[in-house]
Amino acid sequence: MRRRWNGFGYGYRGPGRVTPQMTITDLITNARNGSARAAGRLLSLVEGDRRDEVLASVGPSTVRVVGLTGPPGAGKSTTIAALVGAYRQQGLRVAVLAVDPSSPFSGGALLGDRIRMSAHINDPEVLIRSVATRGHLGGLAAAVPAAVRLLGALRYDVILLETVGVGQSEIEIAAVADPTVVILNPGAGDAVQAAKAGLLEVADIVVVNKADRAGADQTARDLRAETKAPILSLVAARGEGLAELVEAINAHHRADNHARRVARARAQILSLAQTRLRNRPDLDRLAESVVHGHEDPYTAAEHLLSPTSDQPD
């Protein structure tokens, strides 16, 4: 069957017709039976005000999450498409979440990049989805942790999580993914720029993509001076070095432990809590109070953390 953009993601249209009257339980059943459209509807719900209802229906879950980030043009989408193919050869169900700075319904820039994954559009075991950041500072949408839990409950085996842009904000991917893969190009000072942007601080694996280009060896040498993470060479468009990347990802996952999982959970909690604090309606009032000397920042911070701080005076 043909897959097309349906308002929720690129999805297989069967089995089972998805209607607006369907209950969450019906959607979960359809999604577990292979309906990416049902999965897309559920993802839309967890991005909205029915998140808690959906998550309560699916229960706890775990799933492998591989994060990929790097500067524009580094080949993230091409690398993801190659990884999807490798995981599908292993018989795994794969979901791709691309964090979009705009709306997932707008057909923004990231959705255009999904065309590069056209080889997988007709595969019912692959879900490709853009998720809006909705103003969440830090590179990841606030809905991403919920989407990850949902997709695990829908029996996807691997989630490939792609973030846009570069900068300190992108390091938030490390709170969700294990491992975090940073993709760079040869030359153009990418190694130094990535270090300045803070990307290499959270890189578990660094990939020099387009390694058949001039300057690839020098870029790898520059990176070794900036990070202790494994550095791999890749030509994603031809699949060269792909097996080594998959093995490096697997090796890192095998080395995961309880302490690292707790650290990631802590980072997720703090990031989401910070987002909620930014949206407290009395933040501006407290800031004005500090500016005019009516309160000090310490007292204002205590008020902001108070459960009743957003209540009118």
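Please read all numbers here as calculations on a predicted model, not as lab measurements. (Residues numbered from 1 in each chain as written. Predicted model: local features only at pLDDT ≥ 70, side-chain atom pairs only at ≥ 80, totals over all residues. Heavy atoms only, no water.)

Chemist: Explain the environment of Ser233 to me, and be specific about the residues and the numbers.
Modeler: Structurally, the position occupied by Ser233 is in strand E9 (residues 231-234). A residue is classified by how much of its surface remains accessible, and Ser233, at 48% relative accessible area, is partly exposed. Each C-alpha atom of the pair Ser233 and Val208 lies 4.9 Å from the other, and the pair is 25 residues apart in sequence. What Ser233 contacts, discounting residues up to four positions off in sequence, is Val208, Ala211, Glu240 and Gly241. (Helix = DSSP H or I, 4+ residues; strand = E, 2+ residues; numbered from the N terminus. Buried < 20%, exposed > 50% of the residue type's maximum accessible area, 1.4 Å probe, protein only. Contact = heavy atoms within 4.5 Å.)

Chemist: Please set out the pattern of salt bridges residue by residue, giving values where relevant.
Modeler: Any two side chains of opposite charge can pair, so long as their charged atoms come close to each other. Under the criterion given, the structure shown has eight salt bridges. Between Glu53 and Arg50 there is a salt bridge, with the nearest N and O atoms lying 3.0 Å from each other. A relative accessible area of 34% means that Arg50 is categorised as partly exposed. Residue Asp212 is joined to Arg238 by a salt bridge in which the shortest nitrogen-to-oxygen separation is 3.1 Å. Of this pair, Asp212 sits in the loop between strand E8 (205-209) and helix H9 (216-224) while Arg238 sits in the loop between E9 and helix H10 (242-254); the two residues are 26 residues apart in sequence, bridging distant segments of the chain. Because the salt bridges share partners, they merge into one network encompassing Asp212, Arg238 and Glu240. (Salt bridge = Lys/Arg side-chain N within 4 Å of Asp/Glu carboxyl O.)

Chemist: Run through the packing of aromatic side chains, naming residues and quoting values.
Modeler: Scanning the entire structure with this criterion turns up zero aromatic pairs. Over the face of the ring belonging to Tyr156 we find Arg93, whose NZ or CZ atom lies 4.1 Å from the ring centre. (Phe/Tyr/Trp six-rings, centres within 6.5 Å; stacked < 30°, edge-to-face > 60°. Lys NZ or Arg CZ within 6 Å of the ring centre and 35° of its normal.)

Chemist: Explain the packing of helix H2 (residues 36-47) against helix H6 (residues 144-153) residue by residue, including any values.
Modeler: Each packed pair of helices is defined by two parameters, the angle between the axes and the distance between the axes. The interhelical angle for the contact between H2 and H6, taken along N-to-C directions, is 145°, at an axis separation of 9 Å. Seen along the crossing, H2 lies across H6 with a hand that is right-handed. Along the contact surface, H2 presents Leu42, Leu43 and Val46, while H6 presents Ala146, Ala147, Leu150 and Leu151. Tallied by class, the residues present in the contact of H2 with H6 amount to seven nonpolar, no polar and no charged. (Axes fitted to C-alpha atoms, helices over the stretch in contact; angles between N-to-C directions. Left-handed = near helix turned anticlockwise from the far one by under 90°. Nonpolar A, V, L, I, M, F, W, Y, C, P; charged D, E, K, R; others polar.)

Chemist: Can you tell me about the pairing of E8, naming the residues and giving the values?
Modeler: Summarising burial for E8: five of the five residues are buried, a large majority. Neither face of E8 is left uncovered, since the one carrying Ile205, Val207 and Asn209 and the one carrying Val206 and Val208 both have all their residues buried. Sheet analysis places strand E7 (residues 180-184) next to E8, joined by four bridges and oriented parallel. Bridge assignment links Leu184 to a residue of E8, and that residue is Val208. Summarising the sheet, E8 and E9 pair through four bridges and their orientation is parallel. When the sheet's bridge partners are listed, Val208 is paired in E9 with Ser233. Regarding the hand of the β-α-β motif, the stretch spanning E8, H9 and E9 is right-handed. (Pairing = 2+ DSSP bridges. Right-handed = clockwise from strand over helix to strand, strands pointing away.)

Chemist: With reference to specific residues and values, describe the pairing of E7.
Modeler: Burial runs high along E7: five of the five residues are buried. The alternating pattern of E7 places Thr180, Val182 and Leu184 and Val181 and Ile183 on opposite faces, both of which are buried. Bridge analysis of strand E3 (residues 64-69) against E7 gives three bridges, and the strand direction is parallel. Each residue of the ladder has a partner; that of Gly67, found in E7, is Thr180.

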